[in-house]
Amino acid sequence: MKTPVIHWFKFASPQNFYHLAGKMWPWFAALATLLALVGLWIALFVAPIDAQQGQGYRIIFVHVPASQMAMFIYLVMAAWAGLGLAFNTRLSGMMASALAPTGALFAFLSLLTGALWGKPMWGAWWVWDARLTSTLILLFLYLGFMALQASIDDPRRADKAGAVLALVGAVNVPIIYFSVKWWNTLHQGASVSLKGSSMASTMLAGMLIMVLAFWMYAIAMALLRVRNIILEREHHAEWVKHAVA
Amino acid sequence: MSQTVKSIGLIHVMLAVLKREVALAMRQKGEVLTPLVFFMVIASLFPLGVGAESSLLLRMAPGVLWVSALLAAMLSLQRMFATDYADGSLEQMVLSPTPLGLLVLAKALAHFVLSGLPLVLMAPVLGLQFGLDARALAILMLTLLLGAPSLSLIGSIGAALTLGVRGAGVLLSLLILPLYIPVLIFGAGAVEADAAGVGFGGHLSLLSALLVLSLFFSPFATAAALRISLE
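Residues numbered from 1 in each chain as written. Chains lettered and ligands numbered in written order. Predicted model: local features only at pLDDT ≥ 70, side-chain atom pairs only at ≥ 80, totals over all residues.

Draft legend 1. Fine view of the overall build of chain A. Per the secondary structure count, chain A includes seven helices and zero strands. Overall, chain A shows an N-to-C arrangement of helices and strands of α-α-α-α-α-α-α. Residues classed as buried in chain A amount to 39% of the 245 residues present. (Helix = DSSP H or I, 4+ residues; strand = E, 2+ residues; numbered from the N terminus. Buried ≥ 20, exposed ≤ 12 C-beta atoms within 10 Å, placed from the backbone.)

Okay, structure coming up:
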């Protein structure tokens, strides 16, 4: 019995990963579409109307996954950045830059859906709630990361500088979160909390499926974007001419 | 024995860097004075913007003064490494046998002495204009004294990352201001907490904790960023 050996490090080379990512991303995109369709169907047609919030609550099926992914992607990005700094692998830096726009998009989506939900529920588009404020700051961190990378011409230097910033940001994210939380309790009384009302099981199922759909979407987009970054960076290489032709 | 000799040597090097920074700043006094004037101008703009109602100004004072001080301290950050980078002395520092982190720490301390301390001393004068009483002024100075070194240390990371980069000034503020938020919250919060009768000890402890954290971590990050910038 001979077990097939997969040489994982083979895929640390941008050329090999380009082809692997090309095979993988359509699957993730298809899964994302499928899961989103099922999740939205449950969210919009199956899940019961909330006793207190009426139909308006349904936006949380987008809001919760977006907020989770916005935070999680920052950590993944920082992890790739740290890997790149530690092992000096080119692909890690490219993955970090590929994830940043998706993370920023989710942070923005989370703020937007939060505002749309807040208007009917709280009567205001925006309140200086701890979670809202820290998501806004997270969006600033993403924008800073992308702005720093965009303003450095040498891609290797951009990767490394971005990596240091991402790691510093990752250390700061919990500090910022708790400081904003304490600031918030000092300034105003407790705001409306989602806890307390137990969720119906169909709501929970819809939410979980939507979370999975967002995961798949994020992976598909990161792979697609990293393919473009690889082509851009390696445009002088012979294999790129064959790959594009 | 040789260990102690070595550590004394390191302190000498750090003092030398500190002295050099102060001497350079004294020959270019404008660099020290401009952020100070900026601080005064920014703080004076707020009453003009929101109106001169004294109860409103009193409530806003700690926050306004802290935000102004934060912006003024950031104004001089960009120069922390830029001139040394331009004349090549930064490369010598990177090449020197002294750990780069210590040199960077000395430079951040120099930044605090040259731009943080003047702000601390100036703050009570501006606080009087906002109608703060003696107790509030003392707390404000204390929080600035504890917070300003953190601002210099965190800022040094941004200054090193944006060294020789296009549009470094605006980029620096985009990178650093989100990281300043905890310092701002606890700094300005202390004065408000005391006014509300909650006690400000917790805020001071947290400010000190932030200072210790940034004192430990930021020289590593800044040294790494400088090495990347000089590659």
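Draft legend 2. Quick peek at the overall build of chain B. A tally of regular secondary structure across chain B gives nine helices and zero strands. Radius of gyration (C-alpha) of chain B: 18 Å, near the 17 Å computed for a compact globule of 231 residues. Across its three principal directions, the C-alpha atoms of chain B cover 60 × 40 × 30 Å. Burial status across chain B gives 45% buried among its 231 residues. For chain B, the proportion of contacts with a sequence separation of at least 24, taken over those separated by at least 6, is 80%. (Rg over C-alpha atoms; globule rule 2.2 N^0.38 Å. Contact = placed C-beta atoms within 7 Å.)

Draft legend 3. Representation of the packing of helix α8 (residues 168–195) of chain B against helix α9 (residues 201–230) of chain B in the model. Residue and element names in this part refer to chain B. Two elements in contact, α8 and α9, have axes separated by 9 Å at closest approach and are oriented at 160°. Between α8 and α9, the angle is such that the two are roughly antiparallel. Considering the relative orientation of α8 and α9, their crossing is left-handed. Residues Pro182, Val183, Phe186, Gly187, Gly189, Ala190 and Ala193 of α8 form the contact with α9, whose own contacting residues are His203, Leu204, Leu206, Leu207 and Leu210. Here the contact of α8 with α9 is composed, by residue class, of nine nonpolar, three polar and no charged. (Axes fitted to C-alpha atoms, helices over the stretch in contact; angles between N-to-C directions. Parallel < 35°, antiparallel > 145°, perpendicular 65-115°, else oblique. Left-handed = near helix turned anticlockwise from the far one by under 90°. Nonpolar A, V, L, I, M, F, W, Y, C, P; charged D, E, K, R; others polar.)

Draft legend 4. Expanded view of unusual backbone geometry. In this structure, Asn88(A) takes a positive phi of about 60° despite not being glycine. Within the fold, Asn88(A) resides in the loop between α2 (60–87) and α3 (90–122).

Draft legend 5. Spotlight on the nonpolar core. Of all hydrophobic cores here, the largest spans 138 residues; its most connected members are Met77(A), Val164(A), Ala69(B) and Ala225(B). When residues in this core are grouped by element, the largest group, 15 residues, is from α8(B). If sequence neighbours within four positions are ignored, Ala69(B) has contacts with Phe39(B), Leu119(B), Ala123(B) and Leu144(B). (Core = buried A, V, L, I, M, F, W, Y, C linked by C-beta atoms within 7 Å.)

Draft legend 6. Molecular detail of the interface of chain A and chain B. Between chain A and chain B, the contact holds 23 residues from the first and 22 residues from the second. Elements with a contribution of two residues or more to the side of chain A that touches chain B: α4 (130–150) and α5 (155–187) of chain A. In terms of residues, the side of chain A that touches chain B owes the most to one element, α5(A), which gives 14 residues. Its residues placed into classes, the side of chain A that touches chain B shows 17 nonpolar, four polar and two charged.

Draft legend 7. Geometry of the packing of helix α3 (residues 54–75) of chain B against α8(B). All names here are of chain B. Interaxial distance between α3 and α8 falls to 9 Å at its minimum, and their mutual angle equals 145°. For α3 against α8, the interelement crossing comes out right-handed. On α8, the residues touching Pro62, Gly63, Trp66, Val67, Leu70 and Met74 of α3 are Ser173, Ile176, Tyr180, Leu184, Gly187, Ala188, Val191 and Glu192. Grouping the amino acids of the contact of α3 with α8 by side-chain chemistry returns 10 nonpolar, three polar and one charged.

Draft legend 8. Geometry of the confidence of the model for chain B. All names here are of chain B. Residues with a pLDDT of 70 or more make up 97% of chain B, whose mean pLDDT is 89. The secondary structure element of chain B with the lowest average pLDDT is helix α1 (residues 2–27), at 81, and the one with the highest is helix α7 (residues 134–161), at 94. Predicted as a complex, the structure gets a pTM of 0.87 and an ipTM equal to 0.86. (pLDDT = per-residue confidence, 0-100.)

Draft legend 9. Up close: the confidence of the model for chain A. All names here are of chain A. Averaged over every residue, the pLDDT of chain A is 85; the share at 70 or more is 92%. Taken element by element, the predicted model of chain A shows its lowest mean pLDDT in helix α7 (residues 238–244) (81) and its highest in α2 (91). Between residues 188–193, whose pLDDT stays under 50, and residues either more than four places distant or in other chains, the model counts four contacts.

Draft legend 10. Structural context of the environment of Thr135(A). All names here are of chain A. Residue placement: Thr135 occurs in helix α4. The class for Thr135 is buried, based on 23 C-beta atoms found within 10 Å. A C-alpha to C-alpha distance of 6.4 Å links Thr135 and Ala107, two positions 28 residues apart in sequence. Excluding anything up to four places from it in sequence, Thr135 contacts Ser67, Ala70, Ala107, Ser110 and Leu111.

Draft legend 11. Structural view of the environment of Phe106(A). All names here are of chain A. You can see Phe106 is positioned in helix α3. Residue Phe106 is classed as buried on the basis of its 27 C-beta neighbours within 10 Å. Note: C-alpha distance between Phe106 and Trp128 (22 residues apart in sequence) is 19 Å. With sequence-adjacent residues up to four places away left out, Phe106 is seen in contact with Ala66, Met69, Ala70 and Ile73.

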